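# Structural characterization, general
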There are 2 protein chains.
Amino acid sequence: MNPFDDTYFMKKALLEAEEAYKKGEVPVGAVIVFKNQIIARAHNLTERLNDVTAHAEMQAFTSAADYLGGKYLRDCTLYVTVEPCQMCAGASYWTQIGKIVYGASEPRSGFTVLGTKLHPKTKVVSGVLEEECGQLMRRFFVEKRNLN
Amino acid sequence: MNPFDDTYFMKKALLEAEEAYKKGEVPVGAVIVFKNQIIARAHNLTERLNDVTAHAEMQAFTSAADYLGGKYLRDCTLYVTVEPCQMCAGASYWTQIGKIVYGASEPRSGFTVLGTKLHPKTKVVSGVLEEECGQLMRRFFVEKRNLN
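Chain A carries the name tRNA-specific adenosine deaminase in an unreviewed UniProt entry, which gives Tenacibaculum platacis as its organism. The UniProt entry for chain A carries the following text under Subunit (unreviewed entry): "Homodimer." Looking at the Catalytic activity (unreviewed entry) heading of the UniProt record, one finds this comment for chain A: "adenosine(34) in tRNA + H2O + H(+) = inosine(34) in tRNA + NH4(+)".

### Re the relation of the copies chain B and chain A
Mapping chain B onto chain A calls for a screw motion: a turn of 180° about the axis and a shift of 0.0 Å along it, with 0.0 Å RMSD after fitting. Viewed as a symmetry operation, the transformation between the two copies matches a two-fold axis. Nearest to the rotation axis, the C-alpha of Met87(B) is located 2.0 Å from it, this being the minimum over chain B. A symmetric contact is evident, with 100% of the interface residues of chain B recurring at the interface of chain A.

### Some thoughts on the UniProt feature "binding site: Zn(2+)" (unreviewed entry) in chain A
Residue and element names in this part refer to chain A. Those residues carrying the UniProt feature "binding site: Zn(2+)" (unreviewed entry) are His55, Cys85 and Cys88 in this numbering. Spanning 34 residues, the annotated positions come together in the fold, the maximum distance between their C-alpha atoms being 9.3 Å. Here Cys85 lies in the loop between strand S3 (76-82) and helix H3 (86-95). Overall, Cys85 belongs to the buried group, its relative accessible area being 5%. For Cys88, the position within the fold is in helix H3. Owing to a relative accessible area of 1%, Cys88 belongs among the buried residues under this scheme. Those residues in contact with Cys88 that lie beyond four places of it in its chain are His55, Glu57, Met58 and Phe61.

### What to know about unusual backbone geometry
Although it is not a glycine, Asn36(B) adopts a positive phi angle of roughly 60°. Position of Asn36(B) among the secondary structure elements: in the loop between strand S1 (29-34) and strand S2 (37-43).

### Let's talk about the pairing of S1(B)
All names here are of chain B. Among the six residues that make up S1, five are buried, leaving the element largely enclosed by the rest of the structure. Where S1 meets S2, six bridges bridge the pair, whose relative direction is antiparallel. Among the inter-strand pairings, Phe34 is bridged to a residue of S2, identified as Gln37. The loop that links S1 with its antiparallel partner S2 comprises two residues; one of these, Lys35, has a positive phi angle of about 50°. Bridge analysis of S1 against strand S3 (residues 76-82) gives five bridges, and the strand direction is antiparallel. Paired with Phe34 across the two strands is Cys76, which belongs to S3.

### Examining the sheet that holds S2(B)
Residues and elements named next belong to chain B. Spatial strand order, S2-S1-S3-S4-S5: five strands in an open sheet with mixed pairing. Sheet topology places S2 and strand S5 (123-125) at the edges, where each strand pairs with a single neighbour. Neighbouring strand axes in the sheet, compared pairwise and without regard to direction, differ in orientation by 15° on average. The pairing of strand S4 (residues 99-104) with S5 spans three bridges and is parallel. Bridged to Val101 within S5 is Val125. Packing of helix H1 (residues 6-22) onto the sheet brings it into contact with S1, S2, S3, S4 and S5, and relative to S1 it is tilted by some 145°.

Conventions adopted
- Residues numbered from 1 in each chain as written.
- Chains lettered and ligands numbered in written order.
- Predicted model: local features only at pLDDT ≥ 70, side-chain atom pairs only at ≥ 80, totals over all residues.
- Heavy atoms only, no water.
- UniProt positions renumbered as here; feature names shortened; annotations may be inferred.
- Least-squares fit on C-alpha atoms with pLDDT ≥ 70 in both.
- Contact = heavy atoms within 4.5 Å.
- Helix = DSSP H or I, 4+ residues; strand = E, 2+ residues; numbered from the N terminus.
- Buried < 20%, exposed > 50% of the residue type's maximum accessible area, 1.4 Å probe, protein only.
- Pairing = 2+ DSSP bridges.
- Axes fitted to C-alpha atoms, helices over the stretch in contact; angles between N-to-C directions.

In structure tokens form, the structure reads like this:
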């Protein structure tokens, strides 16, 4: 039994998403893993930073590159609770990241439906803790709607 | 005669690209204009910041939103010397920017060939100072090749 499987790390990303939720941010969280070690953790901060580029993944890429001291994340895996958008998938292309694992699909703005090109070396796994990751998003948007 | 036309502002973006060139960065520059005023200037800093997300456009979006105090750039125009990539075009979607003006095309990694979805309100103008913008890129890559 491997304690460091995709579910294990997605739970860590989900903890980040819950941090975003608590701050009133669209609840998306991400971690980046290198050799079974989390080297970056981030959650969406677009409201707090007043910056649409402050998606969880973008911050995680910047942070992981800083940790490793190199621009490329070839031997790393991104765990993110929601399917990346065009911007984040486009950023992943430049990082040459080895693997992207996401939880809930994003049928409107996700990279798969929009056809964003990933780096040829990037593997993709989807649907890990899909229900938990999607549930947090739905809860956020239902509450948001009820407030307005 | 309007002194504040697309060529005028693209020249300002080109000055930024020349700054990148001097620093050994892929020479791409950008400015963002709001009511005929430049509210953000940036150039590519991926090497210096060790961060693939540090494209000129990304920095300019963050800077312009900070200046305006709002996440959206609906009444702004981005001038960028080279056609934006998927990441930057994807970021522009979230900013809802009014207009994108670029100089040289980027047939391999530009958003037009890769089909990145822009915001429906975003107008696009291409080819402004195309020759000057492209020439700086070609000079950079020829010199880079000769060094290696």
